[in-house]
Amino acid sequence: MIGTTLHEGHGAGALLVLHEAVSLWGGTDVATGRIVDEHHPQRGALTAGRVVAMPGVRGSSSSATVLAEQLRRGVGPAAILLRELDAILVLGAIVAYELYARQMPIVVLRAVDYDALPGTGTAVVSASSGRGRVVITPSPTGERARS
């Protein structure tokens, strides 16, 4: 899949496709990257080290701070795939890169590609200026990614 690069970098890990948007501020634990929002359908899922696909982000600009801090602590996502552009996440990724030298790619996929993401698998994201390339290797039938 080819998408639009919002922040450059390379990341790989188990794919975690979120069914709903999440607020990083109050919705994820800054120390672990775990989803803690009690109303989120994937509460308890770990985002740390994973390629996280989400339709968008809920909440305020504080999500940028949380993302930067998670990346600084080494518990942030390996990459983020979005269905819709989100400037707040990009700001968090830029801050993490500028202050902590932690690079994490963010790519917006076309709606048709985002909607076709498999529920499990391994993803490799290579995002350079303008274009982001996403390669997904689905998990064998019946195997589920760990939360």
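About the cut-offs
- Residues numbered from 1 in each chain as written.
- Predicted model: local features only at pLDDT ≥ 70, side-chain atom pairs only at ≥ 80, totals over all residues.
- Heavy atoms only, no water.
- Helix = DSSP H or I, 4+ residues; strand = E, 2+ residues; numbered from the N terminus.
- Buried < 20%, exposed > 50% of the residue type's maximum accessible area, 1.4 Å probe, protein only.
- Contact = heavy atoms within 4.5 Å.
- Expected span 1.5 Å × (residues − 1).
- Arc of directions from axis to C-beta.
- Polar contact = N/O pair within 3.5 Å; in protein donor to acceptor, adjacent residues only side chain to side chain.

### A short note on the environment of His40
Then, in step 1: Mapped onto the elements of the fold, His40 is located in the loop between helix H1 (24–27) and strand S3 (51–54).
Then, in step 2: Judged by relative accessible area, which is 3%, His40 ranks as buried.
Then, in step 3: The sequence separation of His40 and Leu18 amounts to 22 residues, and the corresponding C-alpha distance is 9.2 Å.
Then, in step 4: If we ignore the near neighbours within four places in the chain, the residues touching His40 are Leu18, Glu20, Ala21, Val22 and Ile35.

### A word on the side chain of Asp37
Then, in step 1: As for its position among the elements, Asp37 is in the loop between H1 and S3.
Then, in step 2: Those residues in contact with Asp37 that lie beyond four places of it in its chain are Gly27, Arg43 and Arg58.

### A closer look at helix H3 (residues 87–100)
Then, in step 1: Under the 1.5 Å per step criterion, the end-to-end length of H3 is 19 Å for 14 residues, consistent within 8% with the ideal 20 Å.
Then, in step 2: For H3, the complete set of buried residues consists of Leu89, Val90, Gly92, Ala93 and Ala96. Seen from one end, H3 has its buried residues packed into an arc of 160°, which puts them on one side. Summarising the geometry of H3, the exposed residues directed more than 90 degrees from the buried face are Ala87, Glu98 and Leu99.
Then, in step 3: Elements in contact with the buried residues of H3: strand S1 (2–7), H1, S3, helix H2 (62–73), strand S4 (79–82) and strand S5 (106–108).
Then, in step 4: The N-capping residue of H3, defined by a side-chain oxygen 3.1 Å from the backbone nitrogen of Ile88, is Asp86.
Then, in step 5: Phi turns positive one or two residues past the end of H3, at Ala101, with a value near 55°.

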